[in-house]
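Chain by chain, the residues run as shown.
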Amino acid sequence: FVRGQRSLAQAIEEVRRASIEDRLRLLEPFLKVCDTLAYAHAKHVIHRDLKPDNVALGEFGEVVLLDWGLAKLEGREDKASSRWQERIHEYRSATDLRTLASGVGTPGYMSPEAALGELEVMDERSDVYSLGVILFEILTGRLPIEGRTYLEYVDQLTRASAPPAVDVDGAVPRALSEIAARALARARVERPASAAELATAVRRWQAASAVDREVE
């Protein structure tokens, strides 16, 4: 029912090789996604399938977060768990993740606990991890962790930390790189506790950056 406009994935692709200033303009729709998740989390709903393809951008600044089919309501029966396990099975059986059907998408945005199928421990911080991946991709034009096969991807995801965004692209503001790194922490307890907390950190950077520009 959402027609006529592009996705956040398309917007990221358009500025992938552009200047950091152009990429940073996508922080505004990113923050709107964070605000949407903050509301959902306040209602104890975990999205569990966050990725730029699921974010629609409108002509007048509208941002719509789509595809809540794998969402989980905390404290209730997880009715989407069987669909999640089917998806994991499809990932495992694929010989090349890049050839998966677009309806399944890439696992590149999954938290470590999601990739391991530990659905019982997934909470708001699992969504925060996915938001961290999106932020990293906005800043650098690439995913923090990639793998040709699912087993290769999970091995990297669970054994190695994502590289700092500033190490991938030196033009990335160091403070934003650190915010993304916290969201991408392998241990859930080390991530921001909520989408609201992540959004607050980004907005504080924006405010400080604006002051610095005025001083200059």
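Just so you know, these numbers come straight off a predicted model, no measurement behind them.

Colleague: Tell me about the pattern of salt bridges, and please be specific about residues and values.
Modeller: Between side chains of opposite charge, a pair can form as their charged atoms come close. A full pass over the atoms with the stated rule returns 11 salt bridges. Between Arg-16 and Glu-137 there is a salt bridge whose closest N-O contact spans 3.7 Å. In this pair, Arg-16 sits in the loop between helix H1 (8-15) and helix H2 (20-24) while Glu-137 sits in helix H6 (residues 124-140), placing the two residues 121 residues apart along the sequence. Taking the relative accessible area as the measure of exposure, Arg-16 reaches 22% and is therefore partly exposed. With a shortest N-O distance of 3.0 Å, Asp-123 and Arg-188 are connected by a salt bridge. Here Asp-123, found in the loop between helix H5 (112-115) and H6, pairs with Arg-188, found in the loop between helix H9 (174-183) and helix H10 (195-215); they are 65 residues apart in sequence, far enough to count as distant. Classification of Asp-123 as buried rests on a relative accessible area of 10%.

Colleague: Requested: an account of the packing of aromatic side chains, with residues and values cited.
Modeller: Under the criterion given, the structure shown has two aromatic pairs. Plain terms: the ring middles of Tyr-91 and Tyr-150 are 5.4 Å apart, the flat faces sit at 25° to each other, and that makes the pair stacked. Separated by 59 residues along the polypeptide, Tyr-91 in helix H4 (residues 81-93) and Tyr-150 in helix H7 (residues 150-159) bring together distant segments of the chain. Between Tyr-150 and Tyr-153 the ring centres are 6.3 Å apart and the planes differ by 40°, which places this aromatic pair in the tilted class. In this pair, Tyr-150 and Tyr-153 both sit in helix H7, three residues apart, roughly one turn of the helix.

Colleague: Can you explain the packing of H6 against H9? Please cite residues and give values.
Modeller: Any two packed helices are characterised by the angle at which their axes cross and by the distance between the axes. Look at H6 against H9: their axes get within 8 Å of each other, and the N-to-C directions meet at 150°. Our pair here, H6 against H9, has a crossing hand that is left-handed. In this structure, H6 contributes Val-128, Tyr-129, Gly-132, Leu-135 and Leu-139 to the contact, and H9 contributes Leu-176, Ile-179, Ala-180 and Ala-183. Grouping the constituent residues of the contact of H6 with H9 by class yields eight nonpolar, one polar and no charged.

Definitions and limits used
- Residues numbered from 1 in each chain as written.
- Predicted model: local features only at pLDDT ≥ 70, side-chain atom pairs only at ≥ 80, totals over all residues.
- Heavy atoms only, no water.
- Salt bridge = Lys/Arg side-chain N within 4 Å of Asp/Glu carboxyl O.
- Helix = DSSP H or I, 4+ residues; strand = E, 2+ residues; numbered from the N terminus.
- Buried < 20%, exposed > 50% of the residue type's maximum accessible area, 1.4 Å probe, protein only.
- Phe/Tyr/Trp six-rings, centres within 6.5 Å; stacked < 30°, edge-to-face > 60°.
- Axes fitted to C-alpha atoms, helices over the stretch in contact; angles between N-to-C directions.
- Left-handed = near helix turned anticlockwise from the far one by under 90°.
- Contact = heavy atoms within 4.5 Å.
- Nonpolar A, V, L, I, M, F, W, Y, C, P; charged D, E, K, R; others polar.

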